[in-house]
Amino acid sequence: MRILVADDDAVVREVVRRYLERDGLEVIETEDGPSTAAVLARNDIDLAVLDVMMPPPDGIDLCRAVRSGPRPGTPIILLTALGDEDDRVIGLQAGADDYVTKPFSPRELALRVASVLRRANPPVVEEEVLRSGAVEVRRAARVVTIDGAPVELTAREFDLLIFLLANQRRVFSRDELLAQVWGWSFGDQSTVTVHIKRLRAKLGAAHRIDTVWGRGYAWGRIDAEEDTHAD
């Protein structure tokens, strides 16, 4: 698989490239926004690692461009030196599947890349179709439709939808969703909040994601006496 690593720091690019190549991945390097945009326009990469702070267009702008372009489902991991929660939320709202804060462990980034690629490219299995109201999901093909019209989701959005559909009318806290959907034992809970918001927006009136105040989220409205799922 071909991975784009875009960062204006040559040392960062070199270290990340070596770790990804150890995992058998082909790496394309770019150092600024224009050269990165040119690679993304070719539509021949399987995942992009984008530095938020490189010369414009920066990683956030490029992420938004991908999500509105011909391949909106291309997995994206953002690299950011910004530590504030608001900055991370902006990246997630732009459509990033994951983010890594600098300074970071190159091995951790390589593992994040492998995780996102696995979710975006699952092994071929017998097709399973999940339905809820107007929403239909073909799990193996990773296709979502509403009344037959396709809906473009990122890899993480799709994983979140599948998990909620497979566990309808059960409430999950943000920590539980981070563990079950992202595979993280710890992390920023705003990651879940932003993805829930984006998923609701993309599914529109067809979504059935219910907020259970003080507890978490569930697909399908539930009453308090029905909720027996512990945190």
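Further remarks concern the nonpolar core. Of all hydrophobic cores here, the largest spans 28 residues; its most connected members are Val137, Val144, Leu160, Leu161, Leu177, Leu203 and Trp219. Elements supplying a minimum of two residues to this core: strand S7 (135-138), strand S8 (143-146), helix H6 (155-166), helix H7 (174-182), helix H8 (190-203) and strand S11 (216-219). Per-element tally for this core: the top contributor is H6, with seven residues. With residues up to four places along the chain from it excluded, the contact list for Leu161 reads Val137, Val144, Leu153, Leu199, Leu203 and Trp219.

Tallied over the full model, the rule gives 22 salt bridges. Across the salt bridge formed by Asp159 and Arg142, the nearest N and O atoms sit 3.1 Å from each other. Separated by 17 residues along the polypeptide, Asp159 in helix H6 and Arg142 in the loop between S7 and S8 bring together distant segments of the chain.

What follows concerns helix H1 (residues 10-22). Taking 1.5 Å as the rise per residue, H1 with 13 residues should run 18 Å; its terminal C-alpha atoms sit 18 Å apart, in good agreement. Those residues of H1 not exposed but buried are Val12, Arg13, Val16, Arg17 and Leu20. The buried residues of H1 occupy an angular sector of 125° when projected down its axis, which confines them to one face. For H1, the exposed residues lying more than 90 degrees away from the buried face are Val11 and Arg22. Check the buried side of H1 and you find it contacts strand S1 (2-6), strand S2 (26-30) and helix H5 (106-120).

This paragraph deals with unusual backbone geometry. Geometrically, the link from Pro56 to Pro57 is a cis peptide bond, its omega value of 0° lying close to zero. Within the secondary structure layout, Pro57 lies in the loop between strand S3 (47-51) and helix H3 (59-67). The step from Lys102 to Pro103 runs through a cis peptide bond, and the omega angle for that step is -10°. Backbone geometry at Arg142 places phi at a positive 55°, although glycine is not the residue there. Although it is not a glycine, Arg169 adopts a positive phi angle of roughly 65°. Within the secondary structure layout, Arg169 lies in the loop between H6 and H7. For Arg169, a relative accessible area of 39% corresponds to the partly exposed category.

Looking now at the sheet that holds S1. Whenever strands of a sheet pair, they do so through backbone hydrogen bonds, lying parallel or antiparallel. Taken in spatial order, the five strands line up as S2-S1-S3-S4-S5 in an open sheet, and their pairing is parallel. Looking at the sheet topology across the chains shown, the edges are occupied by S2 and strand S5 (98-101). Ignoring strand direction, the axes of neighbouring strands in this sheet form an average angle of 20°. The pairing of S1 with S2 spans five bridges and is parallel. In the strand pairing of S2, Leu4 is matched with Ile28. In this fold H3 packs onto S3 and strand S4 (76-80), with an angle of close to 170° to the strand it touches most, S4.

About the cut-offs
- Per-chain numbering applies: the sequence of each chain, read as written, is numbered from 1 onward.
- In view of the model being predicted, local features appear only for residues whose pLDDT reaches at least 70, and side-chain atom pairs are presented and counted only at 80 or more, with totals across whole chains, interfaces and linings using the full set of residues.
- Think of the side-chain values as coming from all heavy atoms in the structure, minus any hydrogens and water.
- We define the nonpolar core as a collection of buried residues of types Ala, Val, Leu, Ile, Met, Phe, Trp, Tyr and Cys that are connected through side-chain atoms lying within 4.5 Å of one another.
- With a 1.4 Å probe rolled over the protein chains alone, any residue whose accessible area is under 20% of its type maximum counts as buried; one over 50% counts as exposed, and the rest are partly exposed.
- Numbering of helices and strands runs from the N terminus, with a helix taken as a DSSP run of H or I at least four residues long and a strand as a DSSP run of E at least two residues long.
- Residues count as neighbours in contact if any of their non-hydrogen atoms are within 4.5 Å of one another.
- The salt bridge criterion pairs a side-chain nitrogen of Lys or Arg with a carboxyl oxygen of Asp or Glu, the two atoms within 4 Å.
- By this rule, a helix spans an expected 1.5 Å times one less than how many residues it contains.
- The directions considered for the arc run from the helix axis to the C-beta atoms.
- DSSP-based pairing: two strands are paired if at least 2 bridges between them are found.
- In this description, a line fitted to the C-alpha atoms serves as the axis of each element, helices being fitted only across the stretch in contact, and the angle between N-to-C directions of two axes falls anywhere from 0 to 180 degrees.

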